[in-house]
2 protein chains.
Amino acid sequence: MKAAIPKPTVHDLAREAGVSLATVDRVLNERPGVREKTVARVKAAVERIGYVRDTHAANLARRRQYRFAIVLPEGPNQFVDTLRSAVQEASGAQFAERALVEMIPIPSHDPHAVARTLNGLNTARLDGVAIMAPETPQVRDAVDRLKDEGLAVVALVSDLPSSARDFFVGINSFAAGRTAAVLMGRFLRGLTGHILVVTNTMQARDSIERRFGFDAVMADEFPALEVLPSIESHDDPERMRRCVREALASYGDIRGIYSMGSGNTPLLEALRGAGDLEGRVVIAHEMTPVTRQALLDGEVDAVITQNVGHLVRSALRVLRARCDGVEIFEPQERIRIDIVIRENLT
Amino acid sequence: MKAAIPKPTVHDLAREAGVSLATVDRVLNERPGVREKTVARVKAAVERIGYVRDTHAANLARRRQYRFAIVLPEGPNQFVDTLRSAVQEASGAQFAERALVEMIPIPSHDPHAVARTLNGLNTARLDGVAIMAPETPQVRDAVDRLKDEGLAVVALVSDLPSSARDFFVGINSFAAGRTAAVLMGRFLRGLTGHILVVTNTMQARDSIERRFGFDAVMADEFPALEVLPSIESHDDPERMRRCVREALASYGDIRGIYSMGSGNTPLLEALRGAGDLEGRVVIAHEMTPVTRQALLDGEVDAVITQNVGHLVRSALRVLRARCDGVEIFEPQERIRIDIVIRENLT
DNA sequence: GTGCACCTGAGGTACGTCAATCAAAACCGG
DNA sequence: CCGGTTTTGATTGACGTACCTCAGGTGCAC
């Protein structure tokens, strides 16, 4: 019931480097007051004996508590709701891992309000922030400020590439759009007609990129299918229903519907009224209770999504790694573009 | 830079329960010598103040080293190779988390040899085992014995449902087969013809189940496509090439090829020789360097797979949780059936 | 009411690391 | 080689838990 080679400790390190424990500690924690030469000697010893610091013991000793905030758009949104519950779930487990996770809602559509919220964060009481917000100059500046104050920052779901964020946890929207297009085109093999594209708003970066990827593939590989201009509901269910009905009426040959954003409920309502057309294919984004049920009912053929559980756990792992100054393990943090049909709905 | 509500410790627990630290310790670690009533009192206090034991501190104190073995089939197999490297990758990180992970090869096709290896494991030097092996009575008995000896046991990739294994980390093969069928049928929309099914051996439980799921969906939803009996290569590349060529020659209308197991290299070689048929669709299982390249080259249309990184990390997490007597967080351990096409190949 | 088994309390050491103090040693310019 | 500065060493007490010992307490059976 024992055995196992014991891992080298700071004591072994000190002996190996021929210095005292205090010096080892100063080197490991990058405290001042150690000569270059000594630092090198200790680091060499680290390599030699393969010392790895015991993070748990270290956290215990320094009574570390990670304090993270997750900034999410407020207001009713199916996808954000699933994200929120994923955060809830995760923060229970995180609590045991000495992390406190706080959710902070932001008004979705006002860049200034978003920036104000970010700037209002009490950086002294936080170690890291995960942010899901559309990229604007105000947000970029706010993120840079957070970084300046020494926080770890990750962009969640939607990237903030021009900012100083440490990492992006989410999927590539172009690729997501391309994936949707291939499924759409292949499911409609041999047919000619129009594709309807609906979204909440084309202002959002995601929508633009998805559409871009979608169009590129459709034009290239499925020229028999013509993609119509995007219908935007602007968060108005009635408008969504009306526009979809109108489009179905004006074009007799709408073979496929690509739903790039939220608003799936009114979309499906509008479709229920319409008769079935041969091979009609509906592809939507993001797994939510609505799209899940629609998959089961055969009203949606495929959902392109990202696992919210992974999203949240990954964001928290990355924040933690940043705080510890540890390398992240990239393959684990790469969020996949999930294709979900009824049969692989777990 | 401080604040944060301190988590309750054993001391708080002892005070709350009105007992001594020693008693708290005895209760928490299920040591004998405590009256039922006192145990209940402590447990009530745990609930009341929401005490959660600090696993890291506990592991530190007991100088815990988890010793895990991962039992994998030996011999050349693309999928197992990717699994092996995933284990390699993971065990580096695990080392820092006080776990030693050892890989143990087993002769793939001899149930007795498998059982012999399992029975030969030094259970005194192990805390848990993850096993990828076909289910046989011998293996079942060996697993039960390991459980009797107090080890945590998880079945990896292929379930051992009749054994006493703690958990299964992998995907449902029926569902995987169904998923392949839906893609096959939909990609071949409107076409009539035959589907070729190839595998290494139909002895394997996986193959049987995949085929079962595949057939069910094809018969139900795509009656225009007729599925041929499985071609088995029995690990012989030449045989695979020959049989595939023969099949392609005998049937002029083979629209799709479903590769249920390994042997993708010779399959693809055989296909390269044959001319293109309208809409020909190839669907394979398991992401390996071969299938990945084939996706990129357009030789394979979709791959049904499971993420080996998740597989391994999940198995190790479950083993660890079992050893700690802690509940596992199910949603995180549920392995998804991934559908990969060129566009969502990350 | 005595003996004995069984419970419980008090206290200590350890785990690997952090953080702090104080004293000793090495270094350096003049 | 002096005095001051910079580097180092030795030591100590946490952190939250495990595990051990020893002493004292309780209750039960006879």
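These figures come from a predicted structure and were not determined experimentally.

1. Some thoughts on unusual backbone geometry
Residue and element names in this part refer to chain B.
No. 1: A positive phi is found at E30, a non-glycine position, where the angle reads about 50°.
No. 2: Mapped onto the fold, E30 is located in the loop between α2 (21-28) and α3 (36-49).
No. 3: The class of E30 is exposed, set by a relative accessible area of 71%.
No. 4: Phi angles above zero are rare outside glycine, and E286 is one such case at about 75°.
No. 5: Of the residues examined, E286 reaches a relative accessible area of 8% and is grouped as buried.

2. Details of the protein's contact with DNA strand C
No. 1: Every one of the 27 residues lining DNA strand C counts as a neighbour, but A:V10, A:Y51, A:A61, B:T23 and B:T38 are closest to it.
No. 2: The protein-proximal atoms of DNA strand C, defined as those within 4 Å of the protein, are 73% sugar or phosphate.
No. 3: At 3.0 Å, a side-chain N or O of A:R31 approaches a phosphate oxygen of DNA strand C.
No. 4: Between A:Y51 and DNA strand C, the recorded distance is 2.7 Å, taken from a side-chain N or O atom to a phosphate oxygen.
No. 5: Elements represented by at least two residues in the surface near DNA strand C include exactly α1 (10-17) and α4 (55-61) of chain A together with α2 and α4 (55-61) of chain B.
No. 6: Its residues placed into classes, the surface near DNA strand C shows 10 nonpolar, 8 polar and 9 charged.

3. Some thoughts on the protein's contact with DNA strand D
No. 1: Close to DNA strand D lie 27 residues; A:S20, A:T23, A:T38, B:Y51 and B:A61 are nearest.
No. 2: The sugar-phosphate share of atoms of DNA strand D within 4 Å of the protein amounts to 70%.
No. 3: B:N29 has a polar side-chain atom sitting 3.2 Å from a phosphate oxygen of DNA strand D.
No. 4: Here a phosphate oxygen of DNA strand D and a backbone polar atom of B:D54 are 3.1 Å apart.
No. 5: For the surface near DNA strand D, the elements supplying multiple residues, two or more each, are α2 (21-28) and α4 of chain A together with α1 (10-17) and α4 of chain B.
No. 6: Along the lines of polarity and charge, the residues of the surface near DNA strand D split into 11 nonpolar, 8 polar and 8 charged.

Thresholds, definitions, all that
Residues numbered from 1 in each chain as written. Chains lettered and ligands numbered in written order. Predicted model: local features only at pLDDT ≥ 70, side-chain atom pairs only at ≥ 80, totals over all residues. Heavy atoms only, no water. Helix = DSSP H or I, 4+ residues; strand = E, 2+ residues; numbered from the N terminus. Buried < 20%, exposed > 50% of the residue type's maximum accessible area, 1.4 Å probe, protein only. Near = heavy atom within 4 Å. Polar contact = N/O pair within 3.5 Å; in protein donor to acceptor, adjacent residues only side chain to side chain. Nonpolar A, V, L, I, M, F, W, Y, C, P; charged D, E, K, R; others polar.

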